[in-house]
Protein chains: 2
Amino acid sequence: MNSAPPRWPGAELRFGVNYTPRRGWFHSWLDFDPDEVAEDFAALAGLGIDHVRCFGLWPLLQPDRGLIRGIDDLATMARIATEQGLGVFVDVLQGHLSSFDFLPSWVSTWHRRNLFTDPEVVGAQAELIGQVSSVLRQVPGALGIGLGNEFIQFAAKRHPESQALTPAQADGWLGRLFNQARRNWPEGVHTHSFDDDLWFDDDQPFTPSHATGFGDLTTVHSWIFGSVGQRHGRDAPELAWFARWLCELAAGWGPGRRIWLQEVGAPQSHLGPARAPRFITETIDILLGARGGGRSPGLDAITWWCSHDVSRKLKDFPALEHTLGLIDTDGNVKESGQAFAESIRRWRATPVAEDLERPALGLGLLTDHTDRSRSSAHGDAFAGWVRAAREGAVDQLAPTAPARRTSTPHNASSNDR
Amino acid sequence: MNSAPPRWPGAELRFGVNYTPRRGWFHSWLDFDPDEVAEDFAALAGLGIDHVRCFGLWPLLQPDRGLIRGIDDLATMARIATEQGLGVFVDVLQGHLSSFDFLPSWVSTWHRRNLFTDPEVVGAQAELIGQVSSVLRQVPGALGIGLGNEFIQFAAKRHPESQALTPAQADGWLGRLFNQARRNWPEGVHTHSFDDDLWFDDDQPFTPSHATGFGDLTTVHSWIFGSVGQRHGRDAPELAWFARWLCELAAGWGPGRRIWLQEVGAPQSHLGPARAPRFITETIDILLGARGGGRSPGLDAITWWCSHDVSRKLKDFPALEHTLGLIDTDGNVKESGQAFAESIRRWRATPVAEDLERPALGLGLLTDHTDRSRSSAHGDAFAGWVRAAREGAVDQLAPTAPARRTSTPHNASSNDR
């Protein structure tokens, strides 16, 4: 019964893609077609990637609190990926994807209740996480689960239905769900994910302690339409440094943890129409040390967002979502896809080792996370760091002021181990 | 191509059931199984009914504003009903069912916008209504569509995400959607539906003018857990009179219109465990004139809620929803089902004609609907009417004070014809 899938991390640097189905986007789960998935994965394997990150939709997997269905389709998708030689991660609680929230009726409107603290809700989430874990564990190429894509957005103050939550309650939620995944799939590589609110927003109840204290890897999602794009503007040279900044920050907050850059994309909102391929090449080169400073400390994997452009037949997406793909809606590999494939080839051929002696980035931030906004790319710390790095001051990649203790530290004591 | 389905109303009184699938409730659309539907419909046909009312789920039929899918399954369900000799109505925009709201992601949280007035939302709703109408028109037993089950709840002040709406805007929404249904299915019997807020709540922007001015029939949904149950209490003799009160009110507001009692049920919240069968018998007897006063004016059809008990494996339903069925979760006809079947047999054998000369119920309510709460079963008008009726004062069934004009009447001028 124990199929003992390969565990991340290994010696090799990993490259992968976030899978956005070419036909029907994630609504394709409603009319699941293994042949279409196989076609999509064959095209992705052709880019030279080694893994995909896949996404279920919560309301389809658990339409009633007492009804779980559709996991077989997840497993079928994972098996198809395996047949293409791809490893597979599956995020469970979507939750949130490309501006859309997917919440089942039993937590909405008349049935609205806290998604992180209501015992019945969290119990049901754990049940779903557990069942998905048990089923995927049997698929040879399946590597692990993600709790849910950027689920912490539901706790952001800026969310239209923001859920009240404290950091300690966030501990509890993460602990409960990771415990369940671990129990049902002990050898899986399980993670959670978040937008950069976690790193930059002083009010976000999920903190860098949660990023580095829960799950098997620290994940990073790098989107330049946030702080860096707002401060430095379209096509600014700083944009390609942002992913590395986040990875360095992640290493600074969690020394010794392995890091997965789980989402990074090239949004046309902040890149000229022809700039995406160059942005991809530059971002990866900077992450892996072509500009000096070695490979970003702890970095094990880069997973591009996303596999396929969102069809323009689908409505209400932010404009940038229609052009994020490495492959277009007709199934043709775009120049972006060629750039990503070329980067994979090049860096697999000549990998650059990490400099394990190099101290991690530290900005002297408070350990209660109340001044983490200082590390936002809105601020001067980022701008100065990029300036120094671009001038070749490699050492400046890692200013070494350690985090400062506060008198009332938040104690993220829970852990899933 | 024009299959010219039979039109309601005809000479015969109609009896039907609201179809709640035995396995998986409406979530069964996610794993649609025609054999299970056929089994359910065969059991329902055995009760002697002539029609079913069926329900799609909006987020499954239109998961993206630009993506409509799943209508073939609706048509398959309608064909299976036809094979059992049953006519079929299909409600499209669910919308709302048994305390649960079903809203697609593109009108929720980050994408929230007015469900009745946003041009893109209403345009998409019309597109869906049109496509469903075109497809169902081809099914011999399909009779018509309903816009959406009690969709007006989204405009109720008491709704947790209440949508701002004026009666004139409600005119516009109904007009647009009925026009579309009519264009795509000219000979269908198309209706809209609402809870009794429309009749009783002075603040509900959908008014009795909308009930009687749009669609081919005036529909009535009768639920005793509302005003009548609150005022008169569990097992009170008044409860069985409530459906007739609503039908009389509907006739009073729309003289000459045909009426469809589209939902009436026996909730255990207000009926002792063994009282449901008797309540069914009494309610139907009172509606059809067994207590005198003839058949409720204009009444053409009675459609019971619902076909099957909701499985207790499904969670978060109001308790009463688990016992509303005529058939239990094992597929056995309950005493309630036997009572309904017996009522059908008895009233088909000895129908009571309407007294077309009898004036409709009128309470002297204002035509701008600002005092419609006076007709609520919370009030004395209902209590007095029941008292008189129970004492055999048949004439009292129809107090004849006409509606009073207001100086600033709301002009529900739009119509779908």
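Note that the structure is predicted; figures quoted are calculated from it, not measured.

### Some words on the overall build of chain A
Thinking step 1. What chain A contains, in helices and strands, is 12 helices and 11 strands.
Thinking step 2. Here chain A holds 417 residues, and the buried ones make up 65% of them.
Thinking step 3. Long-range contacts, defined here as pairs at least 24 residues apart, represent 79% of the contacts in chain A between residues at least 6 apart.
Thinking step 4. Accessible area for chain A stands at about 14300 Å²; split by element, carbon and sulfur atoms hold 49% of it.

### Comments concerning the nonpolar core
Thinking step 1. Phe41(A) and Phe41(B) are the most contacted members of the largest nonpolar core, which totals 251 residues.
Thinking step 2. Those residues in contact with Phe41(A) that sit more than four places away from it in its chain are Tyr19(A), Val52(A), Cys54(A), Met77(A), Ile80(A), Ala81(A), Gln84(A) and Leu86(A).

### Digging into the sheet that holds strand β6 (residues 142–146) of chain B
Residues and elements named next belong to chain B.
Thinking step 1. What the 7 strands build is an open sheet, ordered β6-β3-β2-β1-β9-β8-β7; its pairing is parallel. Edge positions in the sheet fall to β6 and β7 (218–222), since each of these pairs with one other strand and no more. Between one strand and the next, the sheet's axes are offset by a mean angle of 25°, whatever the strand orientation.
Thinking step 2. For strand β2 (residues 51–55) and strand β3 (residues 87–91), the ladder comprises 5 bridges, and the chain directions are parallel. By the bridge assignment for β3, Val 52 is matched with Val 88.
Thinking step 3. Along the sheet, helix α3 (residues 71–83) makes contact with β2, β3 and β6, crossing β3 at roughly 155°.

### Quick look at the pattern of salt bridges
Thinking step 1. As enumerated under the stated definition, the model contains 54 salt bridges over all chains in all.
Thinking step 2. Residue Glu39(B) is joined to Arg23(B) by a salt bridge in which the shortest nitrogen-to-oxygen separation is 3.5 Å. Taken as a pair, Glu39(B) in helix α1 (residues 34–45) and Arg23(B) in the loop between β1 (14–18) and α1 lie far apart in primary sequence, 16 residues in all.
Thinking step 3. Ionic pairing is found between Arg182(B) and Asp216(B), a salt bridge with its closest N-O pair at 2.8 Å. In this pair, Arg182(B) sits in helix α5 (residues 167–184) while Asp216(B) sits in the loop between α7 (208–213) and β7, placing the two residues 34 residues apart along the sequence.
Thinking step 4. Residue class for Asp216(B) comes out buried when judged on its relative accessible area of 15%.
Thinking step 5. What emerges from the salt-bridge pattern is a single network uniting Arg22(A), Arg23(A), Glu36(A), Glu39(A) and Asp40(A).

### Remarks on the interface of chain A and chain B
Thinking step 1. Across the contact, 33 residues belong to chain A and 33 residues belong to chain B.
Thinking step 2. Both sides together, the interface formed by chain A and chain B hides about 3100 Å², and carbon and sulfur atoms give 56% of it.
Thinking step 3. The largest contributions to the chain A side of the interface with chain B come from Thr109(A), Trp110(A) and Asp316(A), which together make up 23% of the buried area.
Thinking step 4. With a closest N to O distance of 2.8 Å, Asp31(A) and Arg69(B) form a salt bridge.
Thinking step 5. The interface formed by chain A and chain B contains 20 residue pairs in polar contact (both at pLDDT 80 or more).

### A short note on the pairing of β2(B)
Residue and element names in this part refer to chain B.
Thinking step 1. Counted residue by residue, β2 has 5 buried out of 5 residues, so it is predominantly covered.
Thinking step 2. A two-sided burial pattern is seen for β2, the buried positions comprising His 51, Arg 53 and Phe 55 on one face and Val 52 and Cys 54 on the other.
Thinking step 3. Sheet analysis places β1 next to β2, joined by 3 bridges and oriented parallel. Pairing of Asn 18 across the sheet is with Arg 53, part of β2.

### Notes on the pairing of β1(B)
All names here are of chain B.
Thinking step 1. Burial within β1 is extensive, with 5 of its 5 residues counted as buried.
Thinking step 2. In terms of strand pairing, β1 meets strand β9 (residues 299–304) through 4 bridges, oriented parallel. The partner of Phe 15 across the bridge, within β9, is Ile 302.
Thinking step 3. Read as a crossover between parallel neighbours, the route from β1 over α1 to β2 is right-handed.

### Observations regarding the relation of the copies chain A and chain B
Thinking step 1. With an RMSD of 0.0 Å, the operation that places chain A on chain B is a rotation of 180° combined with a shift of 0.0 Å along the axis. What we have between these two chains is a two-fold relation. Rotation axis and chain A: the residue whose C-alpha lies nearest the axis is Leu30(A), separated from it by 3.5 Å.
Thinking step 2. Comparing interface residues between copies, 100% of those in chain A also lie at the interface in chain B; the contact surface is shared.

### Regarding the state of the cysteines
Thinking step 1. Taken as a whole and judged by the stated rule, the model has 0 disulfides over all chains.
Thinking step 2. Of the cysteine sulfurs around Cys54(A), a residue in no disulfide, the closest is that of Cys306(A), at 13 Å.
Thinking step 3. Looking at the unpaired Cys247(B), the closest cysteine sulfur is the one in Cys306(B), lying at 19 Å.
Thinking step 4. By relative accessible area, which is 0% here, Cys247(B) ends up buried.

Procedures and definitions
Residues numbered from 1 in each chain as written. Chains lettered and ligands numbered in written order. Predicted model: local features only at pLDDT ≥ 70, side-chain atom pairs only at ≥ 80, totals over all residues. Heavy atoms only, no water. Helix = DSSP H or I, 4+ residues; strand = E, 2+ residues; numbered from the N terminus. Buried < 20%, exposed > 50% of the residue type's maximum accessible area, 1.4 Å probe, protein only. Contact = heavy atoms within 4.5 Å. Areas by Shrake-Rupley, 256 points an atom, 1.4 Å probe, with all protein chains shown as cover. Core = buried A, V, L, I, M, F, W, Y, C linked by side-chain atoms within 4.5 Å. Pairing = 2+ DSSP bridges. Axes fitted to C-alpha atoms, helices over the stretch in contact; angles between N-to-C directions. Salt bridge = Lys/Arg side-chain N within 4 Å of Asp/Glu carboxyl O. Buried area = accessible area lost by both parts, 1.4 Å probe. Polar contact = N/O pair within 3.5 Å; in protein donor to acceptor, adjacent residues only side chain to side chain. Right-handed = clockwise from strand over helix to strand, strands pointing away. Least-squares fit on C-alpha atoms with pLDDT ≥ 70 in both. Disulfide = S-S within 2.5 Å.

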